[in-house]
Amino acid sequence: MKRRPLIISAVAVALATGVGGLVVANAARPPEAGVSTADVVRGDLSATLTAPGNVSAGFTSQLTMRGAAGIVTKVYVASGDQVEAGDPLVAIDDTAARQQVDAAEAGLDAAHAALTTATQTRTSAERAADSAAVDTAEQSLRNAERSLSAAQDNYQLVVSQQARLVGDAQDQVTATQTTMTAHETQLDAAKAELATLDPADPADAARFAELTSQIAGLQTQLATDQAQLDAANAALAQAERTRDTAVLQARTAVTTQEGARDSAKKALAQQRATVKVAQQGPRAGTVDAAEAQVAAAEVVLDQARTALAATILHAPFDASVSTVNAVVGQPSSAGVAAGSGASEGVVTLVDPDALTVAASVAEADAVGLAVGQPATVVLPASGAQLVGTVAAIDPASTVDANVVTYRTTISLTGDTTAVRVGQTATVTITTATASGVLKVPSSAVLTENGRTWVVRVDGAEQTKVPVGTGLVTATDTEITDGLEVGDKVVLTAGTTGGAK
């Protein structure tokens, strides 16, 4: 017991100097008698959740007669039977349906007879009118094409003429600018020479006067040149505006004539099509009416045959017969109304090859759920154990007596022939796994002030060790750092008087 004051002093010094972050207080203390310990081992972890549920059919169909209700004449199946797609299930009296088929067949024969008589051909006067109409449409097209050609020629002419006029205006601007530049050059030369002369010198007086006069004349000429250049630029701008307007008008005329030409083409094509239809032989209106009568009669016959076929209810898929509500001699609708107001089928089929389990997962466990997770399903009544995967998770919760759960569908795999729809099931879903990791019993891991630690036992000493944790299951916790394989830790450390 003499070491304890020394160790406490050492810890106090470490705290005072700020060393060590999570420095262990009371780092060495003999374990008390009766303290349980566990070894740090390497192994696998699995996090699971358990939820109650019931076996459901992957597909259940409550079948009713497709046509009108009738008196049941035959029931082919009973509860528990296995049926294949197309097998008959229930039949009702088909007398009225057969009479409707007979009447529809007679109506179709009459419609075919009316179509046979619709053979009237087009008269010579009608043929002449057809030819004249086509000739008129062709002439309209030719006129439109000529107008389009004239508009295109005019467009090219306008473009050429306006380009020439704009070019002439541009040439005038260039010539005026050239003249003005020459006068400016002369003026600059005269001014330069004048600057070299002395008007008081008799020898320079005459030349000085001459240059003075010349400069005045050039300045007057430059003013005139500037006015001519402004006028030439204005004329060029006007020529360009005139060109743009004229070209646009000519282009618009071409577009208009193109539209007229296209309309004439369509009118000619339509007229030719009309004539072709009219000259096919029988009058189009009579034949169309007769053909429509035949089509309508065929629809009536098809409906009558469908109604006859609907007097027998067939299985739409391979299935097991769950319930049969049809009774021979009673209307086929007699078993449809249930006491609760819900509707039931004449026959209910269940697909035996697509069984699922509908489980109710608690709100706290639902956060770890994901589609595709493996699951084990135990049926308490038979003791059978099945495997499956999470197939669907309802996005909205279900609240019953203030308990929030999430409906989760488990798709069963393997042999389910002995499983019955509605059986009670207990579902265990594996939500996470970790392989080959360090682990300790979860009761050895404590959290204090946001930090996680364990009490490691080394001989007669207990040491509080900060650790990093990973996957946590109901029994074990993954240790990511702070411990090694073979270390011993105290269980239920928070209840002991050991290291703190």
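On a predicted model such as this, the values are computed, not experimentally measured, just so you know. (Residues numbered from 1 in each chain as written. Predicted model: local features only at pLDDT ≥ 70, side-chain atom pairs only at ≥ 80, totals over all residues. Heavy atoms only, no water.)

K.L.:
What exactly am I supposed to notice about the overall build of the protein chain here?
P.N.:
When you go through the protein chain residue by residue, the secondary structure sums to six helices and 21 strands. Across the 500 residues of the protein chain, 31% fall into the buried class. Considering only contacts in the protein chain between residues 6 or more positions apart, those separated by 24 or more positions represent 77%. Accessible area for the protein chain stands at about 28500 Å²; split by element, carbon and sulfur atoms hold 54% of it. (Helix = DSSP H or I, 4+ residues; strand = E, 2+ residues; numbered from the N terminus. Buried < 20%, exposed > 50% of the residue type's maximum accessible area, 1.4 Å probe, protein only. Contact = heavy atoms within 4.5 Å. Areas by Shrake-Rupley, 256 points an atom, 1.4 Å probe, with all protein chains shown as cover.)

K.L.:
Could you clarify how one ought to interpret the nonpolar core in this entry?
P.N.:
Generally speaking, a soluble globular protein has its nonpolar side chains buried in company with each other. Grouped together as the largest cluster of nonpolar side chains are 20 residues, with contacts concentrated most on Val357, Val377, Leu379, Ile410, Val427 and Ile429. Among the secondary structure elements, those contributing two or more residues to this core are strand E2 (41-57), strand E10 (355-362), strand E11 (374-379), strand E12 (384-393), strand E14 (403-413) and strand E15 (424-441). A per-element tally of this core places E10 first, with four residues. If we skip the residues at most four places from it in the chain, Val357 touches Gly53, Asn54, Val55, Val377, Thr408, Thr409, Ile410, Leu412, Ala425 and Val427. In terms of nonpolar packing, the next biggest core, distinct from the first, is built from 17 residues, Val72, Phe317, Ala326 and Val346 among them. (Core = buried A, V, L, I, M, F, W, Y, C linked by side-chain atoms within 4.5 Å.)

K.L.:
Before we go on, may I ask you to explain the pattern of salt bridges in this structure?
P.N.:
Between side chains of opposite charge, a pair can form as their charged atoms come close. Under the defined criterion, the tally for this structure stands at 11 salt bridges. Of the charged contacts, one joins Glu448 and Lys464 as a salt bridge, the two residues approaching to 4.0 Å between their closest N and O atoms. Of this pair, Glu448 sits in strand E16 (residues 446-448) while Lys464 sits in strand E18 (residues 461-466), and the two are 16 residues apart along the sequence. For Glu448, a relative accessible area of 41% gives the class partly exposed. Accessibility expressed as a relative area gives 13% for Lys464, which makes it buried. Between Asp487 and Arg456 there is a salt bridge, and its shortest N-O distance comes to 4.0 Å. Linking Asp487 in the loop between strand E20 (476-481) and strand E21 (488-490) with Arg456 in strand E17 (residues 451-458), this pair joins segments that are 31 residues apart in sequence. (Salt bridge = Lys/Arg side-chain N within 4 Å of Asp/Glu carboxyl O.)

K.L.:
Teacher, can you tell me more about the sheet that holds strand E4 (residues 72-75) here?
P.N.:
Sheets are built from strands paired through backbone hydrogen bonds, the pairs being either parallel or antiparallel. Read across the open sheet, the three strands follow the order E4-E6-E7; overall the sheet is antiparallel. The open sheet has two edge strands, E4 and strand E7 (312-314), and neither has a second partner. The average angle at which neighbouring strand axes cross in this sheet is 15°, direction not considered. Note: E4 against strand E6 (residues 88-92), three bridges, orientation antiparallel. Paired with Lys74 across the bridge in E6 is Ala91. (Pairing = 2+ DSSP bridges. Axes fitted to C-alpha atoms, helices over the stretch in contact; angles between N-to-C directions.)

K.L.:
Could you clarify how one ought to interpret helix H2 (residues 95-117) in this entry?
P.N.:
The end-to-end C-alpha distance of H2 is 34 Å, a good match for the 33 Å that 23 residues give at a rise of 1.5 Å each. Within the span of H2, buried status applies to Ala97, Val101, Ala104, Leu108 and Ala111. (Expected span 1.5 Å × (residues − 1).)

K.L.:
Got a minute to help me understand the sheet that holds strand E3 (residues 60-63) in this structure?
P.N.:
Here we have four strands laid out as an open sheet, ordered E3-E9-E8-E5, and antiparallel in their pairing. Each edge of the open sheet is held by one strand with a lone partner, namely E3 and strand E5 (82-83). Relative to strand E8 (residues 319-324), E5 is paired through two bridges, and the arrangement is antiparallel. From the neighbouring strand, Val83 faces E8, where its bridge partner is Ala319.

K.L.:
What am I meant to see in the pairing of strand E9 (residues 347-350) here?
P.N.:
Strand residues, when the strand is regular, have side chains that alternate between the two faces of the sheet. Along E9, one buried face is formed by Val347 and Leu349 and the opposite face, lined by Thr348 and Val350, is buried too. In terms of strand pairing, E3 meets E9 through four bridges, oriented antiparallel. Residue pairing in the sheet places Gln62 in a bridge with Thr348 of E9. Taken together, the four bridges between E8 and E9 define a ladder with antiparallel strand orientation. When the bridges of E9 are listed, Val324 appears paired with Val347.

K.L.:
Would you mind showing me how to read the packing of aromatic side chains here?
P.N.:
Each pair of aromatic rings is reported with the distance of its centres and the angle of its planes. Within the structure shown, the criterion is met by zero aromatic pairs. Here the guanidinium or amino end of Arg251 rests over the ring plane of Tyr155, the centre of that ring lying 5.5 Å away. (Phe/Tyr/Trp six-rings, centres within 6.5 Å; stacked < 30°, edge-to-face > 60°. Lys NZ or Arg CZ within 6 Å of the ring centre and 35° of its normal.)

K.L.:
I'm lost on unusual backbone geometry in this one. Help?
P.N.:
The phi torsion of most residues other than glycine is negative, and most of the peptide bonds are trans. Positive phi, close to 65°, is recorded for Asn402, a residue that is not glycine. If you trace the backbone, Asn402 turns up in the loop between strand E13 (398-400) and E14. Although it is not a glycine, Asn449 sits at a positive phi angle of roughly 55°. Mapped onto the secondary structure, Asn449 falls in the loop between E16 and E17.

K.L.:
Explain the environment of Leu379 here, please?
P.N.:
Topologically, Leu379 is positioned in strand E11. Here the alpha-carbon distance between Leu379 and Thr426, two residues 47 residues apart in the chain, equals 6.5 Å.

K.L.:
Would you mind showing me how to read the packing of helix H3 (residues 124-194) against helix H4 (residues 202-278) here?
P.N.:
A packed helix pair is summarised by two numbers, namely the angle formed by the two axes and the spacing between the axes. In contact at an axis separation of 6 Å, H3 and H4 are set at 170° when each is read in the N-to-C sense. Relative to H4, the element H3 lies roughly antiparallel. Grouping the amino acids of the contact of H3 with H4 by side-chain chemistry returns 39 nonpolar, 22 polar and 15 charged. (Parallel < 35°, antiparallel > 145°, perpendicular 65-115°, else oblique. Nonpolar A, V, L, I, M, F, W, Y, C, P; charged D, E, K, R; others polar.)

K.L.:
Hey, could you run me through the confidence of the model for the protein chain in this one?
P.N.:
Do not read the fine detail of predicted coordinates wherever pLDDT is low. With 87% of its residues at a pLDDT of at least 70, the protein chain reaches an overall mean of 84. A low-confidence stretch, residues 1-30 stays under pLDDT 50, and its non-local contacts, those more than four residues away or across chains, total 32 contacts. (pLDDT = per-residue confidence, 0-100.)

K.L.:
I keep staring at the side chain of Asp487 and nothing clicks. Help me out?
P.N.:
Residue classification places Asp487 among the buried residues on the basis of a relative accessible area of 18%. Of the polar contacts made by the side chain of Asp487, one reaches the backbone nitrogen of Glu484; its length is 2.9 Å. If we skip the residues at most four places from it in the chain, Asp487 touches Ala38, Asp39, Val40 and Arg456. (Polar contact = N/O pair within 3.5 Å; in protein donor to acceptor, adjacent residues only side chain to side chain.)

K.L.:
What am I meant to see in the side chain of Thr452 here?
P.N.:
As for its position among the elements, Thr452 is in strand E17. Classification of Thr452 by relative accessible area gives buried; the value is 19%. Look past the residues within four positions of Thr452 in its chain and what remains in contact with it is Val445, Leu446, Thr447, Val465, Pro466, Val467 and Thr469.

K.L.:
What is the right way to look at the environment of Gln99 in this model?
P.N.:
Note on placement: Gln99 falls in helix H2. In the structure, Gln99 is positioned 209 residues away from Leu308 in sequence and 9.4 Å away in space, judged by C-alpha atoms.

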